[in-house]
Amino acid sequence: MKSNTMAHDTPKFAPVPISKLRPIDKLAAVFAANRAAGRKALAPFVTAGDPDVATSVAVLEAIDRAGASLCELGVPYSDPIADGPVIQSSYTRALGAGITLEGMFGIAREASARVQMPILAMASYSLIFRRGIERFVADATAAGLAGFVVPDLPLEESDELDAACRTAGLALVRLVTPTTPPDRAEQIARRSTGFLYCVSVAGVTGARTELPPGLIERIEWLRTKTDVPILVGFGISGADQARAVAAVADGVIVGSALVRQVAELASQPREQLVAGVERFIAPLATAVSG
Amino acid sequence: MPAAPALSSVPDALGRFGRFGGRYVPETLSAALDQLEREYALAVADPTFQAELDALLSAFVGRPTPLLFAKRLTEYAGGAQIYFKREDLSHTGAHKINNTLGQGLLAIRMGKRRIIAETGAGQHGVATATACARFGLDCVVYMGSEDVRRQAPNVRNMRFMGAEVRPVESGSRTLRDAINEAMRDWMGSVETTHYIIGSVVGPHPFPRIVRDFQSVIGRETVEQCRRQFGRLPDTVVACVGGGSNAAGMFYPFVDHREVRLVGVEAGGRSGQPGDHAASLSYGSPGILHGSLSYVLQDQDGQTADVHSVSAGLDYPGVGPEHSYWRDLGRVEYTSVTDGEALDAFDLVARREGVLPALETSHALAWAAEEAAKRPPSEILVVCLSGRGDKDAAEIARVRGLTADGSGK
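1. A word on the overall build of chain A
Thinking step 1. Looking only at helices and strands, chain A features 13 helices and eight strands.
Thinking step 2. Each principal axis of the C-alpha atoms in chain A carries an extent, and together these give about 55 × 45 × 35 Å.
Thinking step 3. The buried share among the 290 residues of chain A stands at 57%.
Thinking step 4. When the 28 positive and 30 negative side-chain charges of chain A are each reduced to one mean point, those points stand 4 Å apart.

Here it is in structure tokens:
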């Protein structure tokens, strides 16, 4: 209904202004700009509301200033089975500090008005299902989010959310893992929108010191199956790893290592925490800039 | 008889019981769940698998378990005749062993020599440790640290049989957190490890597999009732936490619509949020631990805190097939408080010479009260899912008794 009205408002042959781009197109524009500049994407993950709502917005601004291409905003959930102890504890902290879904959407709304980088929500399907797909997608759109990563929603259960995201112009980023058989990985790669999330190791989230064997070959193989950018995550903590992965992938996701930084700085005044996050992200962003 | 649709023809290929069930898990686990589903289909079609399991159920577990007339409890209630299906006489003292032997054999077929499990009351942990000792498999059991405290005898027994017990300190330190930790272990070990889930919960195909292995309870009960009474019972009752003993008891009865089926949940201290663990009585549809079912949760979908005096029922979710039966109205679900369950423990201990588990005591409390309202011509079968030895110390503590069971 809304798009009809907008279509009438827009002159027939006028170029679509940037502000009318769908969220997923803004994400694509970021990858296109990176490609043109010979850069790779740094995609940090932070937990919404950790350590509190106001600091969360400032942390997202710091990540943006430090040169991240996009950001995943982790939505705290009480029973996250895909996450290791670092992210799990951050969820517990944020929930303990009173974060709600309204609070998370508020953080996204405020931050997305102030930053350049697209923000995606990393949310358990438990939360999306409970709110209702239509409402969750509408709230995400209103909050300026570019899409979702839903770590506990496999291909077989995803048709409804997929359809809602396509209608709303939001990305639904899918994950492939080392245990995914090739024919299944191909299907997942084909269905993924925005980008494809290549999980580097079998296991839960958490920083690791070395790159798993076979990762580079796997990324090269996936590239023959999909046109969307391929980002690698799970276990990347330092600039050397980030540089090595960025040599073959389109970008690097850094989660637990950043969340640990936030946890360590949580007792400091907000300015120091924010400065610490910026100092942590900047060299990683440089490392993937080629 | 009218041609009613068979309620037993679930789940479908995607693991759906009506709208419930399914598989909501990280992609890392998808291949292992597919493998388990394939292997289970092969095993079911393989007569040597069933023969091996049957031989173990007979000589190792001691099946079939008896159907006992609870004479003095029946006299006390003064109504319907009460019978106990004696799962407490199974090896390890509860029904859990029916499932762990079956899944242990599946793990061996899949070439997986390491087993992980979660446990609440410790009965599933003990049953898993037992199967692993019998089969020579490595065994790690995750158990909330609050439950480690409440169920110390079971923790000791697991260790005696060579299992490693890992106390879980996160969250509420109970069954739900133990499942989270077991899932996380499995995420990193899935290629060499099988996760023996202990209840009819979790992602497809677990709810179906656990129900099938536990259905030996209901199949034996149907046969015993036909032989002893020449007919099926009027009412069958079982306690429901995740719901494995109830699913195994009810499943062979669901297509016999004349039999009334009743599941009894943990009513805890009160009906207030956080005071009970009665998902089907007070919960709403949601996704927890990989499947869609009734869940105790807040308006955002965060899992709620729960309480029960019984560690095995202290869980905010329930098996998806129970949600299906609930919505169809095929099974009635009700709840019994901590106090009523403790009273039933005393009643059955003194009048029958049987110490029931606190989980089971919930079903017994409802049964004693209901039997009083029914005529003596009716037959009421209680699934006596487990023995109460493990609870003795906790009952003494809750009652303010000394360790030897005397007063203060």
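2. Side note on the sheet that holds strand β1 (residues 41-47) of chain A
All names here are of chain A.
Thinking step 1. On the basis of which strands lie adjacent, the closed barrel formed by eight strands has the order β1-β2-β3-β4-β5-β6-β7-β8 and parallel pairing. Sheet twist, expressed as the mean angle between neighbouring strand axes with direction ignored, is 25 degrees.
Thinking step 2. In terms of strand pairing, β1 meets strand β2 (residues 71-74) through three bridges, oriented parallel. Note that in β2 the partner of T47 across the bridge is G74.
Thinking step 3. Helix α3 (residues 53-65) rests against β1, β2 and β3 (119-122) of the sheet, and its axis sits at about 170 degrees to β1.

3. Concerning the sheet that holds strand β14 (residues 379-384) of chain B
All names here are of chain B.
Thinking step 1. What the six strands build is an open sheet, ordered β3-β4-β14-β9-β10-β13; its pairing is mixed. Either end of the sheet is taken by a strand with one partner, and the two such strands are β3 (67-69) and β13 (331-337). Going from strand to strand, the sheet's axes swing by 30 degrees on average, the running direction of each strand aside.
Thinking step 2. Here strand β4 (residues 81-86) pairs with β14 via six bridges, running parallel. In the strand pairing of β14, F84 is matched with V382.
Thinking step 3. In this fold helix α10 (residues 216-229) packs onto β3, β4 and β14, with an angle of close to 135 degrees to the strand it touches most, β4.
Thinking step 4. Each of β4, β10 (260-268) and β13 is contacted by helix α14 (residues 338-352), which is oriented at about 90 degrees to β13, the strand it contacts most.

4. Quick notes on the packing of helix α2 (residues 47-61) of chain B against helix α4 (residues 96-109) of chain B
All names here are of chain B.
Thinking step 1. As a packed pair, α2 and α4 sit with axes 10 Å apart at the nearest point and diverge in direction by 140 degrees. What the angle tells us is that α2 and α4 run oblique. Of the two elements, α2 crosses α4, and the hand of that crossing is right-handed. Contacts between α2 and α4 involve F49, E52, L53, L56, L57, F60 and V61 on the former and, on the latter, I97, N98, L101, G102, L105, L106 and R109.

5. Regarding the environment of B:P273
Residue and element names in this part refer to chain B.
Thinking step 1. Secondary-structure assignment places P273 in the loop between β10 and α12 (279-282).
Thinking step 2. P273 gets classed as exposed once you look at its relative accessible area, which sits at 71%.
Thinking step 3. Counting along the chain gives 23 residues from P273 to L296, while the straight-line C-alpha distance between them is 8.4 Å.

6. Some thoughts on helix α12 (residues 256-265) of chain A
Thinking step 1. Those residues of α12(A) that sit buried are A:S256, A:A257, A:L258, A:V259, A:V262 and A:L265.
Thinking step 2. Close packing links the buried residues of α12(A) with β1, α3, α4 (85-96), β8 (251-254) and α13 (270-287) of chain A.

7. What about empty space enclosed by the protein?
Left-over empty space is what a probe sized like a water molecule reveals as it rolls over the atoms.
Thinking step 1. Scanning the model with the defined rule gives ten cavities of 30 Å³ or more in all.
Thinking step 2. Of the voids in this model, the largest cavity is the one considered here, and its volume is about 370 Å³.
Thinking step 3. In this structure, the largest cavity is lined by 32 residues; those nearest its centre are B:H95, B:K96, B:S244, B:G312 and B:E359.
Thinking step 4. When residues of the lining of the largest cavity are traced back to their parent elements, those giving at least two are β5 (114-119), α5 (123-135), α8 (175-189), α11 (244-250) and α15 (358-373) of chain B.
Thinking step 5. Counted as a void, the second largest cavity has a volume near 180 Å³.
Thinking step 6. Surrounding the second largest cavity, 19 residues form its lining, A:Y77, A:P80, A:I81, A:S124 and A:D152 being those nearest its centre.
Thinking step 7. Looking at side-chain class alone, the lining of the second largest cavity contains twelve nonpolar, four polar and three charged residues.

Thresholds, definitions, all that
- Residues numbered from 1 in each chain as written.
- Chains lettered and ligands numbered in written order.
- Predicted model: local features only at pLDDT ≥ 70, side-chain atom pairs only at ≥ 80, totals over all residues.
- Heavy atoms only, no water.
- Helix = DSSP H or I, 4+ residues; strand = E, 2+ residues; numbered from the N terminus.
- Buried < 20%, exposed > 50% of the residue type's maximum accessible area, 1.4 Å probe, protein only.
- Lys, Arg positive; Asp, Glu negative; His and termini not counted.
- Charge placed at Lys NZ, Arg CZ, Asp CG, Glu CD.
- Pairing = 2+ DSSP bridges.
- Axes fitted to C-alpha atoms, helices over the stretch in contact; angles between N-to-C directions.
- Contact = heavy atoms within 4.5 Å.
- Parallel < 35°, antiparallel > 145°, perpendicular 65-115°, else oblique.
- Left-handed = near helix turned anticlockwise from the far one by under 90°.
- 1 Å grid on protein atoms, 1.4 Å probe; cavity = no way out; pocket = protein on both sides within 12 Å on 5 of 7 lines; lining within 4 Å.
- Points joined across faces, edges and corners; volume = space filled by probe spheres on them.
- Nonpolar A, V, L, I, M, F, W, Y, C, P; charged D, E, K, R; others polar.

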